[in-house]
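Structural characterization, general
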Amino acid sequence: MRYVKILMMWIMFMVVTSLYGEYIVSRDVNGFIQLLCFVGLVLILIFLGDETVSVLFKNKKEEK
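Residues numbered from 1 in each chain as written. Predicted model: local features only at pLDDT ≥ 70, side-chain atom pairs only at ≥ 80, totals over all residues. Heavy atoms only, no water.

**Comments concerning the environment of Y23**
As a reminder of what qualifies: Strands are runs of DSSP state E lasting at least 2 residues, helices are runs of H or I lasting at least 4, and numbering of each runs from the N terminus.
Mapped onto the elements of the fold, Y23 is located in helix 1 (residues 2–25). For the pair Y23 and Q34, spaced eleven residues apart in sequence, the C-alpha separation works out to 10.0 Å.

The structure is reproduced here in structure tokens:
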């Protein structure tokens, strides 16, 4: 069940990233809003990477 949760989180991250590219980067908006959205995406990516690594390595330790 954890793998499904991680997969859904990655899919949602891809959706958010594509929406960010479509509506924030390619249109004329304030640069500060672009910066805040970019920092938010980087923070989400760090969180998502940490969750993925913890699930993968935790499951490998349980198998041994």
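**Let's talk about the side chain of T52**
The following threshold applies: Two residues form a contact once any of their heavy atoms are found within 4.5 Å.
You can see T52 is positioned in helix 2 (residues 31–63). Here T52 is in contact with I6 and W10, once residues within four sequence places are set aside.

**Examining helix 1**
The condition that has to hold: Expected helix span is computed as 1.5 Å times (number of residues minus one). To sort residues, take the accessible area from a 1.4 Å probe on protein chains only and compare it with the maximum for the residue type: under 20% means buried, over 50% means exposed, and anything in between is partly exposed.
Helix length check: helix 1 (24 residues) gives 33 Å between terminal C-alpha atoms against 34 Å at 1.5 Å per residue, within 8%. By the burial criterion, the buried members of helix 1 are I6, F13, Y20 and I24.

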